[in-house]
Amino acid sequence: MKPARGYAAHDKNSELQPYDFERRELGEHDVLVDILYCGVCHSDVHQIRDDWSGSMYPMVPGHEIMGKVTEVGSGVTKHKQGDTVGIGCLIDSCHECPSCHEDLEQFCSAGPFFTYNSFERDGKTVTQGGYSNIIVTNENFVLKVSPKLKLSAAAPLLCAGITTYSPLKRHGIGKGHHVGIIGLGGLGHMAVKLAVSFGAEVTVFTRSKSKVQDAHDLGAHNVVISKSEEAMAAIIGKLDFILDTVSAQHDINLYLPLLQRDGKFVFVGMPNQPLELNIANIILPRREIAGSLIGGIAETQEMLDYCAEHNILPDVEMIKIQDINTAYERMLRSDVKYRFVIDMQSL
Ligand code: NAP
Ligand code: ZN
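All figures in this text were calculated on a predicted structure; none of them were measured in a lab.

**Regarding the packing of aromatic side chains**
Two aromatic rings are characterised by how far apart their centres lie and by the angle between their planes.
Stage number 1. Taken as a whole and assessed by the stated rule, the structure comprises six aromatic pairs.
Stage number 2. Three or more aromatic residues link up through ring pairs in this structure, and these residues are Tyr 165, Phe 198 and Tyr 306.
Stage number 3. Note that Lys 169 overlies the ring of Phe 198, its terminal NZ or CZ placed 4.9 Å from the centroid.

**A look at the site of ligand 1**
Stage number 1. Taken together, 30 residues lie around ligand 1, and His 42, Thr 206, Lys 211, Ile 294 and Arg 339 are the ones closest in.
Stage number 2. Within the side chain of His 42, an N or O atom sits 2.7 Å from an oxygen atom of ligand 1.
Stage number 3. A distance of 2.9 Å separates an oxygen atom of ligand 1 from a polar atom in the side chain of Arg 207.
Stage number 4. Protein contacts shield 92% of the accessible area of ligand 1, which totals 920 Å² for the unbound molecule.
Stage number 5. Of all the secondary structure elements, the ones that give two or more residues to the shell around ligand 1 are α1 (42–48) and α5 (186–197).

**Quick notes on α5**
Helical periodicity: at 3.6 residues per turn, an α-helix aligns residues three or four positions apart in one direction.
Stage number 1. For α5, built from 12 residues, the straight-helix expectation of 16 Å at 1.5 Å per residue is met to within 8% by its first-to-last C-alpha distance of 17 Å.
Stage number 2. Within α5, 10 of the 12 residues are buried, which leaves it mostly tucked inside the rest of the structure.
Stage number 3. One or two residues past the end of α5 sits Gly 199, with phi positive at roughly 100°.

**Regarding the packing of helix α4 (residues 160–170) against α5**
Stage number 1. α5 packs onto α4 with a crossing angle of 50° between their chain directions and a minimal axis gap of 8 Å. In terms of orientation, α4 lies oblique with respect to α5. At the point where α4 passes α5, the crossing takes the right-handed sense. Residue-level contacts link Ala 160, Gly 161, Thr 163, Thr 164, Tyr 165 and Leu 168 of α4 to Gly 186, Leu 187, Met 190, Ala 191, Leu 194 and Ala 195 of α5.
Stage number 2. In terms of residue class, the contact of α4 with α5 is built from eight nonpolar, four polar and no charged.

**Describing the sheet that holds strand β11 (residues 201–206)**
Strand pairing in a sheet is mediated by backbone hydrogen bonds. Such pairs are either parallel or antiparallel.
Stage number 1. The strand order across the open sheet formed by six strands is β12-β11-β10-β13-β14-β15, and the pairing between neighbours is parallel. Among the strands making up the open sheet, the edge pair consists of β12 (222–225) and β15 (288–291). Averaged over all adjacent pairs, the angle separating strand axes in this sheet is 20°, with direction ignored.
Stage number 2. Bridging between strand β14 (residues 259–267) and β15 involves four bridges; their strand directions are parallel. What sits directly across from Lys 264, in β15, is Glu 288.

**Some words on α4**
Stage number 1. Most of α4 sits out of view: nine of its 11 residues are buried.
Stage number 2. Every buried residue belonging to α4 is among Ala 160, Gly 161, Ile 162, Thr 163, Thr 164, Tyr 165, Ser 166, Pro 167 and Leu 168, and all of these are buried.
Stage number 3. On the buried face of α4, the contacting elements are α5, β13 (239–244), β14, α9 (297–310) and β17 (339–343).

**Considerations on the domain arrangement of the protein**
Stage number 1. Split into domains, the protein comes out as domain 1 (2–159 + 295–346) and domain 2 (161–291).
Stage number 2. On a C-alpha basis, the centres of domain 1 and domain 2 stand 27 Å from each other.
Stage number 3. Residue-level contacts link 23 residues of domain 1 with 25 residues of domain 2.
Stage number 4. For the pairing of domain 1 and domain 2, the buried interface totals around 2,100 Å² over both sides, and the portion due to carbon and sulfur atoms is 57%.
Stage number 5. Among the residues of domain 1 in contact with domain 2, Cys 159, Tyr 306 and Tyr 338 are the three that bury the most area, contributing 29% of the side total.
Stage number 6. Our enumeration of links across domain 1 and domain 2 arrives at two salt bridges.
Stage number 7. Between Asp 214 and Lys 337 there is a salt bridge, with its nearest N and O atoms 2.9 Å apart.
Stage number 8. Inspection of the domain 1/domain 2 interface yields 17 residue pairs in polar contact (both at pLDDT 80 or more).
Stage number 9. Taken together, the elements giving at least two residues each to the side of domain 1 that touches domain 2 come down to α1 and α9.
Stage number 10. Residues belonging to the side of domain 1 that touches domain 2 are distributed by class as follows: 12 nonpolar, five polar and six charged.

Cut-off values and rules
Residues numbered from 1 in each chain as written. Chains lettered and ligands numbered in written order. Predicted model: local features only at pLDDT ≥ 70, side-chain atom pairs only at ≥ 80, totals over all residues. Heavy atoms only, no water. Phe/Tyr/Trp six-rings, centres within 6.5 Å; stacked < 30°, edge-to-face > 60°. Lys NZ or Arg CZ within 6 Å of the ring centre and 35° of its normal. Near = heavy atom within 4 Å. Polar contact = N/O pair within 3.5 Å; in protein donor to acceptor, adjacent residues only side chain to side chain. Areas by Shrake-Rupley, 256 points an atom, 1.4 Å probe, with all protein chains shown as cover. Helix = DSSP H or I, 4+ residues; strand = E, 2+ residues; numbered from the N terminus. Expected span 1.5 Å × (residues − 1). Buried < 20%, exposed > 50% of the residue type's maximum accessible area, 1.4 Å probe, protein only. Axes fitted to C-alpha atoms, helices over the stretch in contact; angles between N-to-C directions. Parallel < 35°, antiparallel > 145°, perpendicular 65-115°, else oblique. Left-handed = near helix turned anticlockwise from the far one by under 90°. Contact = heavy atoms within 4.5 Å. Nonpolar A, V, L, I, M, F, W, Y, C, P; charged D, E, K, R; others polar. Pairing = 2+ DSSP bridges. Domains from an automatic or database assignment. Buried area = accessible area lost by both parts, 1.4 Å probe. Salt bridge = Lys/Arg side-chain N within 4 Å of Asp/Glu carboxyl O.

Below, the structure is given as structure tokens:
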């Protein structure tokens, strides 16, 4: 086994603390990665606090991992020592089920096998994430990172990037579409950058007046303070597509009327309580509600290459691992512009 060091939560109430653990020895198709940067996703907070139940402790969170390959197994063909690579939310899949055959490993019927707070395919070993110094991962779940991408900023692409890229692509968002993004946080700010780059006209809904100028700077064409009834009423029936990135309870019935007939409302944010739905809001003008979960490995690679080609990078605030608990408090207050990234050298 390989000794590893990270930061872990030991239960849902305590702060993250330094934690020594072990990574497996390299198998034939494994890659050993020295972790340089890891993004801080709101899902890390949800899982540490057991918001979605079933959390396993000790838990080393982190699924926006950027690093360098330091060793490869004897059968590895995709990566070599010294390569710059990324690891996102997935570390394995069965390769046999219908979803795997369609490159949708996030829906693998034997899994999914997430980077942390999940089981490996043996059904016993609990996975541990990227708030750590090293990780051992099957080569097929290690992404190539173009030298065009600034590494310190690129880590959040591996979750915030793919989670917003995938539904925008799947629903064919592009020129001529009027897109609404609810919540300007880690996912929301990437959704704005990506939807704008696809040619859509983008409206941001935020509760925070302090984010209005930022939203414009990110490329949004319109910004609506969601508390303003007047501003909301002015766009009733005007949008084709809404992406909801909100992490907590909120009233979606305020947003559904903003969609025109056949408009689509897609959730990526995952509050821990059920939301109320006024069914009339979807029946009368035949609107649709859907969800979306990260993206498959091929699509994640496509997104990384797209962002490298179009110079699309998250706006990040670099922190030391020792500041992680304060960073969580700030994230819960929506006080982050727009993604924390941990400099793993600080470990
Ligand atoms: P984040 O950076 O904290 O952003 C969430 C944003 O939601 C906040 O910035 C805030 O925007 C808004 N918000 C927060 N509390 C709110 C409330 N009570 N009412 C209305 N708006 C509120 O979080 P994130 O990392 O982007 O993640 C967002 C959500 O997506 C989380 O639930 C996370 O678990 C989930 N997620 C899902 C997937 C997936 O595959 N589906 C992947 C990753 C993350 P304003 O300040 O602008 O209002
Ligand atoms: Zn995430």
